[in-house]
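Secondary and tertiary structure notes
Chain by chain, the residues:
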Amino acid sequence: MAVIKIDTSIYDAQLSEKEQRIIAQFQRFGVEQLEVFGSEPIHYRQRAEFRVWHDGDDLFHIMFDQASKEKIRVDSFDPAAPLIGEVMQAMIENLKGCEILRRKLFQIDYLSSLSGEILVSLLYHKPLDDEWLTAIKALKVALSERFKIDFIGRARKQKEVLGDDFVTERLTVNGQELIYQQVENSFTQPNAKVNIKMLEWAQDLCKPLKNDLLELYCGNGNFSIALAGSFNRVLATEISKSSVHSAQYNIAKNKVTNLDIIRMSSEEFTQAMNGERTFSRLEGIDLTSYDCQTILVDPPRAGMDTLTCDLVANYESIIYISCNPDTLERDLEHLTRTHEVKRFAIFDQFPYTHHIESGVFLQRKL
């Protein structure tokens, strides 16, 4: 059996190296000490994706070594949540003997939640016909005796959903349960327990802040829902249709009444705020009625464009969540002309890799 094992004895040293690396990179912004939020050293990922390898009658998950590009057989995967590990084994056991389900299957994706739900996506190089549907329905019935499981089958220009195309996550953040719909193929934080630490850190920042909050790149409402209780009103933007749909669902599920989400890119919102363009998507929303003194941004790896940085610099307080230290450094060059860094945290979303999630709190210089 091929097992992807983690040497947990190196975790503390690995996290310390990240801490020292970030301090060195951002010291010129006055950062001398970080708030450090570590991960569980094992079973921390709520989603995982594997290619599938066919070898005669055998069938197994594989990954590719980043350096050598050689394939690695994976029968057990320590980074994955325990539920994913159990379902991985059950899937292989059931697929091996089913020619209809295994033929031309090339990838399996797993999306799970701390609340015990799992969604399995099967990707094929063949059309999914009635025979396939009958077989996958039978597998769902069989595995539903052990797991709260749904399936998606994907082929070229084809998507078959058996159950829901999402899992429902329940996170306890500072004693409050928050509910999030997490849709297949949409962005969600992969390390749920570290996500809780991020939300609690952001809530702590917002305790003394007042008035309204603006959030750019809000995704499925991860931060805006958790922070809505700290402000009079929250206005959030997101470009992805599926994420906006999930955010609206999450707003209703959490009974949040002071949060509006609009589907716009940060660039479009900047144009609207500057009066350069009008958008039908803003119909019914009076931007001038908001008194946003705080802005939260959680941009993609590319960071923010110059115009968005200019917009962000207009606010008294800035919360910047970053998945890329290099673009964060670039953007802080811009933002620290008018603001100073008050708090800096790192969140180890991706243990045993060079990746690091950062959180920076800035306030306008006096």
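See the structure shown above.
Since this is a predicted model, take the numbers as computed values, not measurements. (Residues numbered from 1 in each chain as written. Predicted model: local features only at pLDDT ≥ 70, side-chain atom pairs only at ≥ 80, totals over all residues. Heavy atoms only, no water.)

1. Considerations on the packing of aromatic side chains
Here is the rule we go by: The pairing test for Phe, Tyr and Trp rings, Trp by its six-membered ring, is centres within 6.5 Å, and the orientation test on the planes gives stacked under 30 degrees, edge-to-face over 60, and tilted for anything in between. Put simply, DSSP marks the helices as runs of H or I at least four residues long and the strands as runs of E at least two long, and each gets a number from the N terminus on. When accessible area is computed with a 1.4 Å probe and restricted to protein chains, residues below 20% of their type maximum are described as buried, those above 50% as exposed, and intermediate ones as partly exposed. Whether a charge lies above a ring is judged from NZ of Lys or CZ of Arg, which has to be within 6 Å of the ring centre and within 35 degrees of the ring normal.
Taken as a whole and judged by the stated rule, the model has 10 aromatic pairs. When the ring of F26 is compared with that of F344, the centres are 5.0 Å apart and the planes differ by 50°; the resulting orientation is tilted. Of this pair, F26 sits in helix α1 (residues 11-26) while F344 sits in strand β18 (residues 339-347), placing them 318 residues apart in sequence. With 5.6 Å between their ring centres and 75° between their planes, W201 and F347 make a pair best called edge-to-face. With W201 in helix α5 (residues 192-206) and F347 in strand β18, this residue pair connects regions lying 146 residues apart in the sequence. Taken individually, W201 and F347 each receive the classification buried, so the pair is uniform in this respect. Put simply, the rings of Y11, Y44 and Y352 touch in pairs and so form one group of aromatic residues. Over the aromatic face of F60 sits the side chain of R73, whose NZ or CZ is 4.0 Å from the ring centroid. A cation over an aromatic ring shows up here: R233 above the ring of Y290, its NZ or CZ 3.8 Å from the ring centre.

2. Re the environment of K157
Residue position: K157 is located in the loop between β9 (148-155) and β10 (158-162). Owing to a relative accessible area of 78%, K157 belongs among the exposed residues under this scheme. C-alpha of K157 to C-alpha of L213: the two residues are 56 residues apart in sequence and 40 Å apart in space.

3. Some words on the pattern of salt bridges
Under the convention used in this document: Here, a salt bridge means any side-chain nitrogen of Lys or Arg that lies within 4 Å of a carboxyl oxygen of Asp or Glu.
Across all of its chains, the model carries 19 salt bridges by this definition. The salt bridge involving R170 is made with E177; its shortest N-O contact spans 3.3 Å. R170 gets classed as partly exposed once you look at its relative accessible area, which sits at 39%. Overlapping salt bridges, with partners in common, bring together E35, D204, K207 and R343 in one network.

4. Side note on the side chain of R102
Quick note on the threshold: The sign given to each residue is positive for Lys and Arg and negative for Asp and Glu; His and the chain ends receive no count. Contact criterion: two residues are considered in contact whenever any of their non-hydrogen atoms come within 4.5 Å of each other.
Structurally, the position occupied by R102 is in helix α3 (residues 99-102). No salt bridge is formed by the buried R102. Its closest oppositely charged neighbour is E99, at 4.6 Å. Beyond its immediate chain neighbours, meaning those up to four positions away, R102 contacts H54, G56, D57, D58, L59, L95 and K96.

5. Description of the sheet that holds strand β19 (residues 357-364)
Note the cut-off: Strand pairing is assigned whenever DSSP identifies at least 2 bridges connecting the two strands. To obtain each axis, a line is fitted to C-alpha atoms, and for helices this fit is confined to the stretch in contact; angles are then taken between N-to-C directions over 0 to 180 degrees.
In space, the eight strands of this open sheet follow the order β2-β18-β19-β17-β16-β13-β14-β15, with mixed pairing throughout. The open sheet terminates on both sides in strands that have one partner only, identified here as β2 (35-37) and β15 (259-263). Each strand of the sheet is rotated relative to its neighbour by a mean of 15°, with strand direction disregarded. Strands in contact with helix α8 (residues 266-273) are β13 (212-216), β14 (234-238) and β15; relative to β13, the strand with the most contacts, it is inclined by about 135°. Contacts between helix α10 (residues 325-335) and the sheet are confined to β17 (317-322), β18 and β19, with β17 contributing the most and set at about 160° to the helix.

Everything listed here is a matter of geometry and, on its own, says nothing about what the molecule does.
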